[in-house]
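Coordinate analysis (summary)
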Amino acid sequence: MCSRSLNPRVISRAIFSPFLSSKALVATVVPIRIQPVRGARSKCLHDRAVLNCQYSMATFSTAERKRRPHGDRKSSEMTLHLKQTFEAAILTQLYPRSQIDIYVQILQADGGNYSSCVNAATLAVVDAGIPLRDYVCACSAGFLEDTPLVDLSHVEESSGGTQLSLALLPKAEHLALVEMDARLHQDHLEGLMDAATRACKDLHAVLDRVVREHLQEVSTQLGE
């Protein structure tokens, strides 16, 4: 689920697959010092790091071959959502005048693309040693008749019901991002939010166990 790269600039890669068959590949680049260019508009921030996220889908990720794996409106929206999510979690103030790059690609899409990207990126950022306020755990949720469901498949997402995407910092129960793609009566919102929150907390336990097992494995290898 988490592995290191031989490229000295790409410090960590992670592949995340939820209970369904969506798979996301993430490469995280260590904070790079931005050199201001005289006479040009620089994106350098003096008090914190700039977070650069890029999202794309492999041409073979869906049943139909994609002609434009990145650069379309949906990819731009996903890129913005990922940036907003991790700006709420990464301690960017520790890296002033720097840039952190997170490259995300969907290898196999079967629903919950945003959630898969966030969870994979969390593993990659943790493995890269970049400080976080907390794990960022994400999950999708929706309704089947009156029953809330989590971790929706592509078929369930295509059914036309309300879909909710939630990214959570579990310990403080801080919401990094919440998005709904349709109207929902307020009487149903609390139940849907509770289901997504519980799923994120369950996922947090899984991610934390994986990170600790990986750390123990690396420590053992270094000890040898």
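Our structure is the block above this text.
Here goes a summary of the coordinates provided. Please read these numbers as outputs of a predicted model, since none were measured by experiment.

**Structural notes on the sheet that holds strand 6 (residues 137-144)**
Taken together, four strands build an open sheet; the order of strands is 7-6-8-9 and the sheet is antiparallel. Lying at the two open borders of the sheet, with one neighbouring strand each, are strand 7 (147-150) and strand 9 (174-180). Taking the axes of each pair of neighbouring strands and ignoring which way they run, one obtains an average angle of 25° across the sheet. In this structure, strand 6 lies alongside strand 7, joined through four bridges in antiparallel fashion. Note on strand 7: the bridge partner recorded for A141 is V150. Sitting on the sheet, helix 1 (residues 73-87) is in contact with strand 8 (163-169) and strand 9, with an inclination near 160° to strand 9. Against the sheet, helix 2 (residues 113-128) touches strand 6, strand 8 and strand 9, its axis set at about 160° to strand 6.

**A look at helix 1**
With 15 residues, helix 1 ought to run about 21 Å at 1.5 Å a step, and its terminal C-alpha atoms sit 21 Å apart, in line with that. Against the buried residues of helix 1 lie strand 4 (50-57), strand 5 (98-108), helix 2, strand 8 and strand 9.

**Brief notes about the environment of D110**
Tracing the backbone through its elements, the reader meets D110 in the loop between strand 5 and helix 2. Relative accessible area serves as the criterion here: at 22%, D110 is assigned to the partly exposed category. Each C-alpha atom of the pair D110 and T62 lies 7.8 Å from the other, and the pair is 48 residues apart in sequence.

**A short note on the pattern of salt bridges**
The tally for this structure, following the rule as stated, stands at five salt bridges. Linking E173 and K201 is a salt bridge whose minimum nitrogen-to-oxygen distance equals 2.3 Å. In this pair, E173 is assigned in the loop between strand 8 and strand 9 and K201 in helix 4 (residues 186-223), connecting sequence segments 28 residues apart. According to the relative accessible area criterion, K201 is partly exposed, its value standing at 34%. Here R212 ties to D208 by a salt bridge, and the two come within 2.8 Å at their closest N and O atoms. Pair noted here: R212 and D208 are both in helix 4, with a separation of four residues, about one helical turn.

**Description of the packing of helix 1 against helix 2**
Two elements in contact, helix 1 and helix 2, have axes separated by 11 Å at closest approach and are oriented at 45°. In terms of orientation, helix 1 and helix 2 fall into the oblique class. Viewed along their axes, helix 1 and helix 2 form a crossing whose handedness is right-handed. Across the interface between the two elements, M78, H81, L82, T85 and F86 of helix 1 pack against N113, Y114, C117, V118, A121 and T122 of helix 2. Along the lines of polarity and charge, the residues of the contact of helix 1 with helix 2 split into seven nonpolar, four polar and no charged.

**Notes on the environment of G191**
With respect to the helices and strands, G191 occurs in helix 4. Taking C-alpha positions, G191 is 7.2 Å from P148, a pair spaced 43 residues apart along the chain.

Cut-offs used in this document
Residues numbered from 1 in each chain as written. Predicted model: local features only at pLDDT ≥ 70, side-chain atom pairs only at ≥ 80, totals over all residues. Heavy atoms only, no water. Pairing = 2+ DSSP bridges. Helix = DSSP H or I, 4+ residues; strand = E, 2+ residues; numbered from the N terminus. Axes fitted to C-alpha atoms, helices over the stretch in contact; angles between N-to-C directions. Contact = heavy atoms within 4.5 Å. Expected span 1.5 Å × (residues − 1). Buried < 20%, exposed > 50% of the residue type's maximum accessible area, 1.4 Å probe, protein only. Salt bridge = Lys/Arg side-chain N within 4 Å of Asp/Glu carboxyl O. Parallel < 35°, antiparallel > 145°, perpendicular 65-115°, else oblique. Left-handed = near helix turned anticlockwise from the far one by under 90°. Nonpolar A, V, L, I, M, F, W, Y, C, P; charged D, E, K, R; others polar.

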